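# Structure at a glance
Residues per chain are reported as follows:
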Amino acid sequence: MNVAPLDGTGFKARRNARDVVISALPFAAALAAWEACATFSGSRFIPHVSALAVDIAGTLWHDPIITAQGGGANGYAPHVMATFEAFMSCVTTGVGTGFAVAVMCFPWIAARRVLRGALRPWHVVPPLIVIPIAFALMGPSRITSWLGGAFYAFVSTAILVMAALDQVPANLIDLATLAGAGPLWIAWRVRAMSVLVLLAGP
């Protein structure tokens, strides 16, 4: 009788499925509690989830309240899309810049020390504090919001990437150096690739 070797694949799949179920339990419990409150109150104070979903879908492209307040006749869909566009723009710019700056500064000790010194206060002070400060100095505007969001993403990414760069195995750097690779090649082909693996997890 042939027995397949135990490689842990089945156990890992069961563990992942269990983790998904456990993570969904709070959401399911919240929905059940919402429905119970809606049922006991006769939907007078809390609507049923299905009715709420229908109302939200119905006002997606047309909402008389938004129209009356001067927000346009197209419902809240344009507002959602504008918010999503600004969010993705901030995240993409901040994350990309933070990753690139950290990877480029790490090989050189002086640049690494300057970057660590610039990031050190933000280990304690939340980066989002720059948004109200920017509003106070420059006034609320689209560019101010964008700069604040991009700065938050930049700082958060740079801190994580610098910490991950410290965990890159030294033997990988030594092997690349022995093979004649330069600092920039090592930075992007060894350090950056290793950081992506470390940040993504197993």
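So, a few notes on the structure that sits alongside this text. Predicted model only: the values in this text are computed from it and were never measured.

Moving on, we get to the overall build of the protein chain. Secondary structure assignment for the protein chain yields nine helices and zero strands. Going residue by residue from the N terminus, the α and β elements of the protein chain occur as α-α-α-α-α-α-α-α-α. By its C-alpha atoms, the protein chain is 75 × 75 × 30 Å across when sized along the principal axes. In the protein chain, which comprises 202 residues, the share counted as buried stands at 22%. Restricting the contact set of the protein chain to residue pairs at least 6 apart, pairs at least 24 apart contribute 54%. Only carbon and sulfur atoms are counted for the fraction: they give 73% of the accessible area of the protein chain, which is about 14,000 Å².

The first and last C-alpha atoms of helix H4 (residues 77–105) sit 42 Å apart over 29 residues, in line with the 42 Å expected at 1.5 Å per residue. Among all positions in H4, only Ala77, Cys90, Gly94, Gly98, Phe99, Ala102, Val103 and Cys105 are buried. Of the surrounding elements, those touching the buried residues of H4 are helix H5 (109–119), helix H7 (142–165) and helix H9 (183–200).

Our focus in this paragraph is a nonpolar patch on the surface. Nonpolar side chains collect at one region of the surface, where Val124, Val125, Ile129, Ile133, Leu137, Met138, Ile143 and Leu147 lie side by side and expose about 810 Å² of accessible area between them. For the nonpolar patch, the secondary-structure elements that each account for two or more residues are helix H6 (130–138) and H7. Counting residues per element, the nonpolar patch draws most heavily on H6, at three residues. The class of Ile129 is partly exposed, set by a relative accessible area of 39%.

As a further point, take the side chain of Ser194. Examined against the element boundaries, Ser194 turns out to sit in helix H9. Classification of Ser194 by relative accessible area gives buried; the value is 14%. Excluding residues within four positions of it along the chain, Ser194 makes contact with Val168 and Leu172.

Let us now look at the pattern of salt bridges. On inspection of all chains with the given rule, the structure shows two salt bridges. One salt bridge in this structure joins Asp19 and Arg18, with 3.7 Å as the shortest N-O distance. The partly exposed category is assigned to Asp19, whose relative accessible area is 38%. By relative accessible area, Arg18 is classed as partly exposed at 48%. Here Arg116 and Asp166 are joined by a salt bridge, their closest N and O atoms 2.8 Å apart. Of this pair, Arg116 sits in helix H5 while Asp166 is found in the loop between H7 and helix H8 (170–178), placing the two residues 50 residues apart along the sequence.

Calculation notes
- Within every chain, residues take consecutive numbers counted from 1 along the sequence as written.
- Confidence filtering applies because this is a predicted model: local features only for residues at pLDDT of at least 70, side-chain atom pairs given and counted only at 80 or more, and all residues used for totals across whole chains, interfaces and linings.
- Side-chain figures throughout are based on the complete set of non-hydrogen atoms in the structure, without hydrogens or water.
- Each helix corresponds to a stretch of at least 4 residues labelled H or I by DSSP, and each strand to a stretch of at least 2 residues labelled E; elements are numbered beginning at the N terminus.
- Exposure is judged per residue with a 1.4 Å probe applied to protein chains only, and the accessible area is read against the type maximum: over 50% gives exposed, under 20% gives buried, and values in between give partly exposed.
- Residue contacts are defined here by distance: any two heavy atoms, one from each residue, within 4.5 Å place the two residues in contact.
- The Shrake-Rupley method, run with a 1.4 Å probe sphere, supplies the accessible areas, and residue values consider only the shown protein chains as cover.
- Given the number of residues in a helix, its expected span is that number minus one, multiplied by 1.5 Å.
- Patches draw on residues past 30% relative accessible area with no salt bridge. Two like charges within 9 Å are joined, as are two nonpolar side chains (Val, Leu, Ile, Met, Phe, Trp, Tyr) within 5 Å.
- Salt bridges are counted wherever a side-chain nitrogen of Lys or Arg sits within 4 Å of a carboxyl oxygen of Asp or Glu.

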